[in-house]
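# Architecture at a glance
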Amino acid sequence: MKFLFSKKSKQIENLSEEVNKLNRELYYNRKNDINDFISILEQIQKTNNENLQWKKRQCIINNETSLAIENYKNKIIELDINA
């Protein structure tokens, strides 16, 4: 009986370690996504502060946001594929 309890404890310990590992991966993935989003916003802010004609500025910001949207859609597709 003691051996059975010991085996179960080891399984619980292994599962706990696996859960902790997955939580760390999720944390770093979310953190990277947030940092990506912050970078996009900083790039848009930088473009907005540049001394450009309004039409050129508007075009650049539209391109930056379109690219960001496309990247995030691709990330969603990647998550769906990996799920």
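Above this note sits the structure.
Anyway, here's the lowdown on the structure attached to this text.

### Observations regarding the pattern of salt bridges
In total, this model carries three salt bridges according to the counting rule given. The closest approach of N and O atoms between glutamate 13 and lysine 10, which form a salt bridge, is 3.9 Å. Of this pair, glutamate 13 and lysine 10 both sit in helix 1 (residues 2–49), three residues apart, which is roughly one turn of the helix. Lysine 10 gets classed as partly exposed once you look at its relative accessible area, which sits at 45%. The partner of lysine 75 in a salt bridge is aspartate 36, and the shortest N-O contact between them spans 2.5 Å. Here lysine 75, found in helix 2 (residues 54–82), pairs with aspartate 36, found in helix 1; they are 39 residues apart in sequence, far enough to count as distant.

### Things to note about the environment of isoleucine 77
Within the secondary structure, isoleucine 77 is located in helix 2. C-alpha of isoleucine 77 to C-alpha of lysine 10: the two residues are 67 residues apart in sequence and 37 Å apart in space.

### Regarding helix 2
Taking 1.5 Å of rise per residue, 29 residues should cover 42 Å, and helix 2 covers 42 Å from first to last C-alpha, within 8% of that figure. Turning to helix 2, its buried residues number three or more, namely Arg57, Ile61, Glu64 and Ala68.

### Side note on the side chain of threonine 47
Tracing the chain through its elements places threonine 47 in helix 1. The contact partners of threonine 47, leaving out residues within four places of it in the chain, are Leu52, Arg57, Ile60, Ile61 and Glu64.

Scoring rules and cut-offs
- Residues numbered from 1 in each chain as written.
- Predicted model: local features only at pLDDT ≥ 70, side-chain atom pairs only at ≥ 80, totals over all residues.
- Heavy atoms only, no water.
- Salt bridge = Lys/Arg side-chain N within 4 Å of Asp/Glu carboxyl O.
- Helix = DSSP H or I, 4+ residues; strand = E, 2+ residues; numbered from the N terminus.
- Buried < 20%, exposed > 50% of the residue type's maximum accessible area, 1.4 Å probe, protein only.
- Expected span 1.5 Å × (residues − 1).
- Contact = heavy atoms within 4.5 Å.

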